[in-house]
There are 2 protein chains.
Amino acid sequence: MKWKRSERLVDMTHYLLEHPQKLIPLTFFSELYQSAKSSISEDLTIVKDTFEERGIGVLVTVPGAAGGVKYIPKVSEKVVKEVIDELISELGHSDRLLPGGYLFMTDLLGNPELMNRVGKVFASAFCSQEIDVIMTVATKGISIAHAIARHLNVPVVVVRRDNKVTEGSTVSINYVSGSSRRIETMVLSKRSMKSGQRVLVTDDFMKVGGTMNGMKNLIEEFDCTLAGMAVLVEAAHTDERLVDNYYSLVKLKEVNEKDRTIKLEEGNYFSKGGYDR
Amino acid sequence: MKWKRSERLVDMTHYLLEHPQKLIPLTFFSELYQSAKSSISEDLTIVKDTFEERGIGVLVTVPGAAGGVKYIPKVSEKVVKEVIDELISELGHSDRLLPGGYLFMTDLLGNPELMNRVGKVFASAFCSQEIDVIMTVATKGISIAHAIARHLNVPVVVVRRDNKVTEGSTVSINYVSGSSRRIETMVLSKRSMKSGQRVLVTDDFMKVGGTMNGMKNLIEEFDCTLAGMAVLVEAAHTDERLVDNYYSLVKLKEVNEKDRTIKLEEGNYFSKGGYDR
């Protein structure tokens, strides 16, 4: 069956969105739709222009025999700002305040629509770098890790605090937690990563950066490279931070448990160049 | 700016895919694209036919003033079979065998592309039911829960084994783990669910069903209703199962630790009517 252009555009858009960061040969589409390569090229120009116009992402065309087309999810600056504003407005409600100055964020981490946008914002910052794996620590960072992974099309590995039989052989390290200065343990399945891989680390919350630093040590233990760090909320604090090369969307400036007020501001995403990369 | 049909089709496809299970008024699209409602209706017919033809999902049109269009993710029978076959082939490798007859599955749970398809397969089985929340227990079920949630557009709540300050006030229950007959604890933040909600429970692995049964008790504690259960892999066993109304994609029939062989077969997804609902 020969497809009409209108049908091809709908199906092609779906296919590209479901296969981010993957080079798709033009012959794949021309065989699927029983259409000439020249028609497919024209289709792709329409998809490309609309994706760019609407801030959906970028279509990169690689010429030659081994060439094809690749969809790179990249949000517009406006979308990043919208996500940051929404997070600040959501997190500022006084009923989120928990004993010890913590903020309740579990509902936001469980919101698939918001997490999808957060994931795309972070994926945009790393879309032109080589990333092989997204790493996080159980439990709360997992939804962010998967949201980023979906847009970069790479696997997620989850570091645990305990050793479970279902993980097989593991590598474990001890590290000092940032604020409480306690010795803690991190465990990762040996099969999770191969040496030489580039790892993007993510978590929902960072204070001094002890957990992030622990994951950095674990990455070195696997002979892998830390490619970047993405944090949803960073907290202001007086100690020296253990890590510095990270992106955050929101900064928690101050929590007043007596007045029940929460001061938040934009994180370092833009100032660190998250949007320009 | 007035949009061309071809551009509208690309953008509309993206918008619908990003907003599953949400009723979108036709005026939204006609204002966005500065186009007549009749043109939008024609566009939607093309999208609808292509989605159905290609097994992407269903577009439901609701007539009247409060009406609009809703995208319901629903995979074709062929896609369900492909996902099941891929899981069986992946899980059958003898190097997945762990001490105690467990299977290493962490890599599959961390594969965003596979999890997206698994999520869509389970979402298809529940797409015409009212589901308010997806529930799972930390840690390994979280990626499946989020994959289903994305297609049903509902929040995920994660049951924990421990009580963390960041969860706020919690409800905890004790339950008997299925195979080891030990007393275990489950904890869920009080803010996670409102009474009367319909909950879909999911997990990566089920043997006797103790954990599933525990979550069922927790749901009752919140005055909510168990709407269904979705399990990636169920294991054959001799004890009577504690739950019965579940869907599984794969059944682990037998593990021979001496010969290092793993026997797997299709789960109950089709026989329980997962595809017909």
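Quick notes on the rules
Residues numbered from 1 in each chain as written. Chains lettered and ligands numbered in written order. Predicted model: local features only at pLDDT ≥ 70, side-chain atom pairs only at ≥ 80, totals over all residues. Heavy atoms only, no water. Buried < 20%, exposed > 50% of the residue type's maximum accessible area, 1.4 Å probe, protein only. Helix = DSSP H or I, 4+ residues; strand = E, 2+ residues; numbered from the N terminus. Pairing = 2+ DSSP bridges. Right-handed = clockwise from strand over helix to strand, strands pointing away. UniProt positions renumbered as here; feature names shortened; annotations may be inferred. Expected span 1.5 Å × (residues − 1). Arc of directions from axis to C-beta. Contact = heavy atoms within 4.5 Å. Axes fitted to C-alpha atoms, helices over the stretch in contact; angles between N-to-C directions. Buried area = accessible area lost by both parts, 1.4 Å probe. Salt bridge = Lys/Arg side-chain N within 4 Å of Asp/Glu carboxyl O. Polar contact = N/O pair within 3.5 Å; in protein donor to acceptor, adjacent residues only side chain to side chain.

A. Representation of the pairing of strand 9 (residues 198–206) of chain B within the structure. Residues and elements named next belong to chain B. Most of strand 9 sits inside the fold, with seven of its nine residues counted as buried. Where strand 5 (residues 133–137) and strand 9 come together, three bridges link them in parallel fashion. Its bridge partner lying in strand 9, Met135 is registered against Val201. Crossover connection from strand 9 via helix 8 (residues 210–221) to parallel strand 10 (residues 225–235): handedness right-handed.

B. View of the UniProt feature "domain: Bacterial purine repressor N-terminal" (unreviewed entry) in chain A. Following the UniProt record, one finds the feature "domain: Bacterial purine repressor N-terminal" (unreviewed entry) at residues 4–73 of chain A. End C-alpha atoms of residues 4–73 of chain A are separated by 26 Å, and the span's content is 54% helix alongside 17% strand.

C. Helix 4 (residues 77–91) of chain B, seen in detail. All names here are of chain B. Relative to the 21 Å expected for 15 residues at 1.5 Å per residue, helix 4 spans 21 Å between its end C-alpha atoms, a close match to the ideal helical length. Turning to helix 4, its buried residues number three or more, namely Val80, Val83, Ile84, Leu87 and Leu91. One side of helix 4 holds all its buried residues, which, seen down the axis, span an arc of 95°. Taken together, the buried residues of helix 4 touch strand 4 (102–103), helix 5 (106–109), helix 6 (112–126), strand 10, strand 11 (246–256) and strand 12 (261–266).

D. Just the sheet that holds strand 12 of chain B, in detail. Residues and elements named next belong to chain B. Across the sheet, which stays open at both edges, the six strands sit in the order 6-5-9-10-11-12 with mixed pairing between neighbours. Edge positions in the sheet fall to strand 6 (156–159) and strand 12, since each has one partner strand and no second. Averaged over all pairs of adjacent strands, the angle between strand axes in this sheet comes to 25°, irrespective of strand direction. Pairing between strand 11 and strand 12: six bridges, direction antiparallel. Bridged to Val250 within strand 12 is Glu266. Its contacts with the sheet place helix 4 against strand 10, strand 11 and strand 12, and it is angled at close to 25° to strand 11. The strands touched by helix 7 (residues 142–152) within the sheet are strand 5, strand 6, strand 9 and strand 10, with strand 9 carrying the most contacts at an inclination of about 140°.

E. Quick look at the interface of chain A and chain B. Counting residues at the interface gives 51 residues for chain A, matched by 51 residues for chain B. With both chains or domains summed, chain A and chain B bury close to 4,600 Å², and 64% of this area falls on carbon and sulfur atoms. Where chain A packs against chain B, one counts two salt bridges. For the salt bridge of Arg54 of chain B with Asp11 of chain A, the shortest nitrogen-to-oxygen distance reads 2.8 Å. The tally of links from chain A across to chain B stands at 10 residue pairs in polar contact (both at pLDDT 80 or more). When contributions to the side of chain A that touches chain B are tallied by element, the ones reaching two or more residues are helix 1 (5–18), helix 3 (37–53), helix 5 (106–109), helix 6 (112–126), helix 7 (142–152) and strand 6 (156–159) of chain A. Take the side of chain A that touches chain B: its biggest share by element is nine residues, from helix 1 of chain A.

F. Here's a closer look at the pattern of salt bridges. Applying the stated criterion across every chain yields a total of 30 salt bridges over all chains. A salt bridge links Glu82 of chain B to Lys78 of chain B, with the shortest nitrogen-to-oxygen separation between them at 3.5 Å. Of the two residues, Glu82 of chain B and Lys78 of chain B both sit in helix 4, four residues apart, roughly one turn of that helix. Its relative accessible area of 39% is what places Glu82 of chain B among the partly exposed residues. With a relative accessible area of 59%, Lys78 of chain B lands in the exposed category. The salt bridge partner of Asp162 of chain B is Arg160 of chain B, with a shortest N-O separation of 3.2 Å. Here Asp162 of chain B falls in the partly exposed class, since its relative accessible area comes to 37%. Each member of the salt-bridge network shares a partner with another, and the members are Arg5, Arg8, Glu42 and Asp43 of chain A.

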